Amino acid sequence: MSLHDRRKATTLTSPGRGGAAVAIDDVTMRFGDRVAASGIRVDVAPGEIVSVVGPSGCGKTTLLRAVAGLLTPSEGSVKVDGEVVDGTPEGVGMVFQHFGLFPWKTVEANVAYPLRLRGLPKEEIAARTRELIGMVGLSGFEKSYPHQLSGGMQQRTGLARALAVRPRVLLMDEPFGALDAQTAEVLRFELLRMWEEHPITMLFVTHSIDEAVLFGDRVVVLKGRPGRVHEVIDVALPHPRDRAVARSEEFAALRERVWSLVMSPDAGQAG
Amino acid sequence: MKRSGSDSRPRAVAVALAGLLLGLIAWQFAGQRDPVLLATPVRSFEALAAMVSDGTLPAALLDTGLLFLVGLAAAIVGGVGYGLVLSRSKVLRGSTGWLVFAFQSVPIVALAPLILAAFGFGFGAKTLVVFLSAVFPILINTVEGARHAPKTLLEVARVHRSGEWPLWRDVLIPHTLPYAMSGIRQGIAMAFVGTFIAEFFLQATGIGGLLLSASARFDSATVLGLTVLVSVIAALLMGLGRRLEKAFAPWREGSTE
Ligand SMILES: Nc1ncnc2c1ncn2[C@@H]1O[C@H](COP(=O)(O)OP(=O)(O)OP(=O)(O)O)[C@@H](O)[C@H]1O
Ligand SMILES: [Mg+2]
């Protein structure tokens, strides 16, 4: 398949992709007098991956927390599949930069946590947990506590937990930001492979421009403080997004484009 | 962590035993020089043996033990329970928090006569003294622990739409337990002291009662024998407390490495 063949890239909303639509509609986030994000408008189609990049403090995490229902927009609204978010909607999973694992729970218990909260039958929880742990490559570590695992293994656990609820939307806040470069690279391609098998909607906040282009069907570049949408770039790269894609000229060109937008003076921490 | 535990253990015990032996020898010599003020260990041991055979020591131990356990149990339940509630309720913290800190600094010895006047001389009044002695370190440690529950983990619970009870079960209680345990370890020591205060001031019963009457008789053999017994029990209790503290936080094992 040629990288110029963009047919696959245009199947954004094809029935093959699962997940929910996310509508961020003119959202402004305020903490007291401080405005953290202003007039953000992003529509994410079902099964689409939208990457969000921007300078530190421009409100990326805040925006993600609004989609997760952890914060209420001061203005505007967030909708998941047409319903206004008020508390975390069913089927929204989140992966945290620092993993957010319970140190007192084993890998198994951390992954089973969302299922236990749902009150599923014990056998079903056990079976599903085993499957998830296998999927992220942690079989054999079921009984380990987080402090006994490497960072990469901890984030695999975090990922398995987020996937436990069969999410329609996956929210990622710099999921690989706390990992060493090599581990992050391995996990990126594993996550992409998993996504190809079960394409769902993803909002992917990152500081890595490579990561943003590699994952995104579109890349939203925020700028300034408070953060506003500076530019939205279509990433018409083919799927699956594997190493070959990451080595392609198209990829390099897109990365340069995003890079220059992020680095442009009016995107920086002016003011 | 396992290796260092099993390696240093016997050595620590050996050092402790050697120290004990040296102390006993010194005590024996000192006692032989001034037999009236200071009984020898041999005579103290005989005095204890006599109290065991006539049943007074076992009965007194049971008495004291029961008072200690009931008072401590009440302090643990009350301290941990109220501590957890306090940490989740701004209203309660605002209205009773200052009271806790004010009360904590009042020496229980000073309160003992008051309690006596208010509640009489019975088991209830004595239990209250033990309870008051032990409850504050437990309460304060629990509140401190629970209030510093990591924000991310609370957020994780919210993202997973956890209810209030699962939030306690999965986050607040496991996070707070080690803090509560170190409070309980301090509480054990305080309850121990409180038990003797109760026995001395309120009604001479149990080991405290035996100690009082022996010292009134200038029976230094019994006094010293009981004192050593009490210290040994105290040391064992402290060891137990430390064990408990570790046993309740298996996820912390090796977290310092
Ligand atoms: N709970 C809060 N209370 C007050 N201000 C906050 C709060 N959370 C975030 N802010 C402010 O909102 C702005 C955006 O923060 P946010 O964490 O969303 O930035 P970010 O884009 O995620 O940054 P980074 O790339 O460093 O993670 C910052 O100025 C921050 O100080
Ligand atoms: Mg952030």
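Refer to the structure above for everything that follows.
Residues numbered from 1 in each chain as written. Chains lettered and ligands numbered in written order. Predicted model: local features only at pLDDT ≥ 70, side-chain atom pairs only at ≥ 80, totals over all residues. Heavy atoms only, no water.

Draft legend 1. Expanded view of the packing of helix α9 (residues 206–216) of chain B against helix α10 (residues 220–247) of chain B. All names here are of chain B. Remark: α9 packs on α10, axes separated minimally by 9 Å, with the N-to-C direction vectors making an angle of 155 degrees. The pairing of α9 with α10 is recorded here as roughly antiparallel in orientation. At the point where α9 passes α10, the crossing takes the left-handed sense. Between α9, through Ile207, Leu210, Leu211, Ala214 and Ser215, and α10, the contact on the second element is made entirely by Thr222, Val223, Leu226, Thr227 and Val230. Class assignment for the residues of the contact of α9 with α10 results in seven nonpolar, three polar and no charged. (Axes fitted to C-alpha atoms, helices over the stretch in contact; angles between N-to-C directions. Helix = DSSP H or I, 4+ residues; strand = E, 2+ residues; numbered from the N terminus. Parallel < 35°, antiparallel > 145°, perpendicular 65-115°, else oblique. Left-handed = near helix turned anticlockwise from the far one by under 90°. Contact = heavy atoms within 4.5 Å. Nonpolar A, V, L, I, M, F, W, Y, C, P; charged D, E, K, R; others polar.)

Draft legend 2. How the structure looks around the site of ligand 1. Residues and elements named next belong to chain A. Close contacts around ligand 1 come from Phe31, Arg34, Ala36, Ser56, Gly57, Cys58, Gly59, Lys60, Thr61, Thr62, Glu174 and His207, and that covers them all. Threonine 61 places a polar side-chain atom, nitrogen or oxygen, 2.7 Å from an oxygen atom of ligand 1. Look at ligand 1: alone it shows 630 Å² of surface, and the protein chains cover 64% of it. Only β2 (34–44) and α1 (60–67) provide two or more residues apiece to the shell around ligand 1. Examining the composition of the shell around ligand 1, we find that three residues originate from one element, α1, more than from any other. Its residues placed into classes, the shell around ligand 1 shows three nonpolar, six polar and three charged. (Near = heavy atom within 4 Å. Polar contact = N/O pair within 3.5 Å; in protein donor to acceptor, adjacent residues only side chain to side chain. Areas by Shrake-Rupley, 256 points an atom, 1.4 Å probe, with all protein chains shown as cover.)

Draft legend 3. Just the interface of chain B and chain A, in detail. On the side of chain A, 22 residues touch chain B, which itself brings 20 residues to the contact. Summing the contributions of chain B and of chain A, the shared interface buries around 2,000 Å²; its carbon and sulfur component is 64%. A salt bridge links B:Arg161 to A:Glu90; its shortest N-O distance comes to 3.4 Å. Where chain B meets chain A, there are six residue pairs in polar contact (both at pLDDT 80 or more). Residue assignment for the side of chain B that touches chain A shows that the elements contributing at least two residues are α7 (151–159) and α8 (164–201) of chain B. Residue contributions to the side of chain B that touches chain A peak at seven residues, all from α7(B). (Buried area = accessible area lost by both parts, 1.4 Å probe. Salt bridge = Lys/Arg side-chain N within 4 Å of Asp/Glu carboxyl O.)

Draft legend 4. Here's a closer look at the packing of aromatic side chains. Residue and element names in this part refer to chain A. Taken as a whole and judged by the stated rule, the model has seven aromatic pairs over all chains. Between phenylalanine 102 and tyrosine 113 the ring centres are 4.8 Å apart and the planes differ by 65 degrees, which places this aromatic pair in the edge-to-face class. With phenylalanine 102 in the loop between β6 (92–95) and α2 (107–117) and tyrosine 113 in helix α2, this residue pair connects regions lying eleven residues apart in the sequence. Taking the relative accessible area as the measure of exposure, phenylalanine 102 reaches 0% and is therefore buried. (Phe/Tyr/Trp six-rings, centres within 6.5 Å; stacked < 30°, edge-to-face > 60°. Buried < 20%, exposed > 50% of the residue type's maximum accessible area, 1.4 Å probe, protein only.)

Draft legend 5. Looking closely at the sheet that holds β2(A). All names here are of chain A. Strand order in the open sheet formed by four strands is β2-β1-β4-β5, with antiparallel pairing between adjacent strands. Each edge of the open sheet carries a strand with a single partner, namely β2 and β5 (83–84). Bridging between strand β1 (residues 22–31) and β2 involves seven bridges; their strand directions are antiparallel. Counterpart to methionine 29 in the pairing with β2 is alanine 37. Contacting β1, β2 and β4 (75–80), α1 runs over the sheet at an angle of about 120 degrees to β1. (Pairing = 2+ DSSP bridges.)

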